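Listed below, chain by chain, are the residues.
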Amino acid sequence: MSIDFEALFECSPGAYLIVLPDENYTIVAVTNAYLEATMTHRKDIIGKGIFEVFPDNPEDNESKGVFRLRSSFERVIKNLKSDSFGVQKYDIRKPNNEFEIRYWSPINSPVIINGELKYIIHRVEDVTEIFKEKKEKQDLLTKSELMQNEIITRSKEIKEVNEKLKIQYEELERFFYIASHDLREPLRTIAGFLTLLEMKFADKIDDNGKEYIAFAVGGVKRMQDLIDDLLTYSKTGKQPELIMVDLNEILNIAIANLAASIKANNATITNDFLPFVCGDGKMLSLLLQNLISNAIKFHDKDKGIVIHVGAEQEENMVKIFVRDNGIGIEPNFKKSMFNVFKKYHNREEYEGTGIGLAICKKIVAQHRGKIWVESELGEGSTFYFTLHTKCG
């Protein structure tokens, strides 16, 4: 029984090519696996030089496939030993003459018969997919490193900006304090002299004169209130230290601060049992105080003032509300009423500077919550704000 070694070689599962050690490295045999890997046909390559069949990609100026393979063949001829040179990029020309990017792991081995080099076996393994995956991982790692560097750089920039803002805020706070102090003195002087003028010349000043003096005194008082509110607004700009606090105690403090106003207006304040929240006690007391004071101020003169403070539990947060039976709010005013200096009632009927709700919004924002109002004109208002039930 004879064995067809040529057929066995051609059906070998490995990608093998046999060349002569001549000037052109002429191809004399090839396996089916090699033909499939290189998209060639046996009849088209047998008898041709390997570099004629597999030239460099002319569109790749950095291609060195031919140079490296030729150098490996030369080393095999010189040393009569197998030679490999790692993974290399060697694009393959497709039947339509376009080139396809490929990566190969080659090894070239000598075939020595009677002490003479007769053939060189060129064996390759197509590692294109493995190389692409590796490159993608490297690219991903590189992008990740670039992103980390970008994050570090941006963090430093943000830190520097925050430091500058902190300095600017402290300077602004000092300015507000000094300006408010310097403005209070002349205002007190004006109010004092207006009062003395009215007392000393009471019998000589007619009703119009007295009315003008009253307007002037009222203007001074409003200016003093505005200065106080601006100073309070500037102080609420500093990020407070947040800890777990009892809202029941904070509400009691707010009510105590408003005791005179509550008594003068015969207001009734009720409340649910309130939870512990993550916050700054002084800021939250000012928040509740402003909302309750607002409810007292805008009461319906035909009704007794009734204000209720309650809480509704939500996931990881609590919704606090201050509900009144006052005059209500027109729908068009709801969105902008938390802006600074926004007033929707005339000065003669309702006093105020228009800063109170802006302060409330700022305090809630510092506690990482939100504030809004639900109201119907003539039916009262309910102010809501959310707070976190855990710190950290």
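Reference entry: report on the structure contained in this document. (Residues numbered from 1 in each chain as written. Predicted model: local features only at pLDDT ≥ 70, side-chain atom pairs only at ≥ 80, totals over all residues. Heavy atoms only, no water.)

## Observations regarding the overall build of the protein
For the protein, the helix and strand inventory stands at 11 helices and 15 strands. Split into buried and exposed, the 392 residues of the protein put 35% on the buried side. Counted over contacts in the protein with a minimum sequence separation of 6, partners at least 24 positions apart contribute 60%. Here the protein displays about 24600 Å² of accessible surface, and carbon together with sulfur accounts for 54% of that area. (Helix = DSSP H or I, 4+ residues; strand = E, 2+ residues; numbered from the N terminus. Buried < 20%, exposed > 50% of the residue type's maximum accessible area, 1.4 Å probe, protein only. Contact = heavy atoms within 4.5 Å. Areas by Shrake-Rupley, 256 points an atom, 1.4 Å probe, with all protein chains shown as cover.)

## Digging into the nonpolar core
Looking at soluble globular proteins, one finds that nonpolar side chains tend to be buried together. In terms of nonpolar packing, the biggest core is built from 39 residues, with Leu247, Leu288, Ile292 and Phe385 touching the most fellow members. Broken down by secondary-structure element, the contributors of at least two residues to this core are α8 (247–257), α10 (281–297), β12 (306–314), β13 (317–324), α11 (356–366), β14 (371–375) and β15 (381–388). Among the elements that line this core, the one with the most residues is α10, at 8 residues. Excluding its chain neighbours within four sequence positions, the residues that come into contact with leucine 247 are Leu274, Pro275, Val277, Leu284, Leu288, Ile320 and Leu387. In this structure, Tyr25, Tyr34, Val76 and Ile120 belong to the second largest nonpolar core, which totals 23 residues. (Core = buried A, V, L, I, M, F, W, Y, C linked by side-chain atoms within 4.5 Å.)

## Structural notes on the packing of α10 against α11
Packed helices, taken two at a time, are described by the angle between their axes plus the distance between the axes. Contact geometry of α10 with α11 gives a least axis separation of 9 Å together with a crossing angle of 145°. Handedness of the crossing formed by α10 with α11: left-handed. Every residue of α11 that contacts α10 at Met283, Leu286, Leu287, Asn290, Leu291 and Asn294 is listed here: Gly356, Leu357, Ile359, Cys360, Ile363, Val364 and Gln366. Considered class by class, the residues forming the contact of α10 with α11 number 9 nonpolar, 4 polar and no charged. (Axes fitted to C-alpha atoms, helices over the stretch in contact; angles between N-to-C directions. Left-handed = near helix turned anticlockwise from the far one by under 90°. Nonpolar A, V, L, I, M, F, W, Y, C, P; charged D, E, K, R; others polar.)

## With respect to α8
Structurally, the α-helix is built with 3.6 residues per turn, so residues lying three or four positions apart point the same way. Listed as buried for α8 are Leu247, Asn248, Ile250, Leu251 and Ala254. The arc enclosing the buried residues of α8, seen along the axis, measures out at 160°, which places them on a common side. Set apart from the buried face of α8 by more than 90 degrees, the exposed residues are Glu249 and Ala256. (Arc of directions from axis to C-beta.)

## Topic: the environment of alanine 214
Structurally, alanine 214 can be placed in helix α7 (residues 207–235). In this structure alanine 214 comes out as partly exposed when scored by relative accessible area, which is 47%.

## Overview of a nonpolar patch on the surface
Nonpolar side chains collect at one region of the surface, where Ile3, Phe5 and Leu8 lie side by side and expose about 350 Å² of accessible area between them. Summarising the element assignment, isoleucine 3 is placed in the segment before α1 (5–10). By relative accessible area, which is 51% here, isoleucine 3 ends up exposed. (Patch = residues over 30% accessible without salt bridge, like charges linked within 9 Å, V, L, I, M, F, W, Y side chains within 5 Å. Salt bridge = Lys/Arg side-chain N within 4 Å of Asp/Glu carboxyl O.)

## A look at the packing of aromatic side chains
In this structure the tally under the stated criterion is 6 aromatic pairs. Here the aromatic rings of tyrosine 25 and phenylalanine 73 are separated by 4.7 Å at their centres, their planes lie at 35°, and the arrangement is tilted. Taken together, the residues tyrosine 25 in the loop between β1 (15–19) and β2 (27–30) and phenylalanine 73 in helix α5 (residues 65–79) connect sequence positions 48 residues apart. One exposure class covers both tyrosine 25 and phenylalanine 73, and it is buried. On the numbers, 5.4 Å between centres and 15° between planes, the contact of tryptophan 372 with tyrosine 384 is stacked. A residue pair is termed long-range when its members are at least 10 positions apart, and tryptophan 372 in strand β14 and tyrosine 384 in strand β15 qualify at 12 residues. Judged by relative accessible area, which is 8%, tyrosine 384 ranks as buried. Of the aromatic side chains, those joined through ring pairs into one cluster are Tyr25, Phe51 and Phe73. Between lysine 370 and the ring centre of tryptophan 372, over which it is positioned, the NZ or CZ distance is 5.4 Å. (Phe/Tyr/Trp six-rings, centres within 6.5 Å; stacked < 30°, edge-to-face > 60°. Lys NZ or Arg CZ within 6 Å of the ring centre and 35° of its normal.)

## Quick look at the pattern of salt bridges
Per the stated rule, a full pass over the model turns up 10 salt bridges. Across the pair aspartate 126 and arginine 102 runs a salt bridge, and its minimum N-O distance is 3.2 Å. Placement of the pair is aspartate 126 in strand β8 (residues 116–126) and arginine 102 in the loop between β6 (99–100) and β7 (103–113), with a sequence separation of 24 residues. For arginine 102, a relative accessible area of 8% puts it in the buried group. For the salt bridge of lysine 319 with glutamate 312, the shortest nitrogen-to-oxygen distance reads 3.3 Å. Exposure remark for lysine 319: the relative accessible area of 14% places this residue in the buried category. The class of glutamate 312 is partly exposed, set by a relative accessible area of 33%.

## Here we look at the sheet that holds β12
With mixed pairing, the 5 strands of this open sheet are ordered in space as β10-β12-β13-β15-β14. Of all the strands in the sheet, just β10 (268–271) and β14 have a single pairing partner and so form its edges. When the angles between neighbouring strand axes are averaged without regard to direction, this sheet yields 20°. When β13 meets β15, the two strands line up antiparallel, connected through 7 bridges. (Pairing = 2+ DSSP bridges.)

## Digging into α10
Here α10 is 17 residues long and its end C-alpha atoms lie 24 Å apart, about the 24 Å a rise of 1.5 Å per residue gives. Considered for burial, the residues of α10 that qualify are Met283, Leu284, Ser285, Leu287, Leu288, Gln289, Asn290, Leu291, Ile292, Asn294, Ala295 and Ile296. Between the side-chain oxygen of the N-cap and the backbone nitrogen of lysine 282 there are 3.2 Å, and the N-cap of α10 in question is aspartate 280. (Expected span 1.5 Å × (residues − 1). Polar contact = N/O pair within 3.5 Å; in protein donor to acceptor, adjacent residues only side chain to side chain.)

Purely geometric numbers; function is a separate question.
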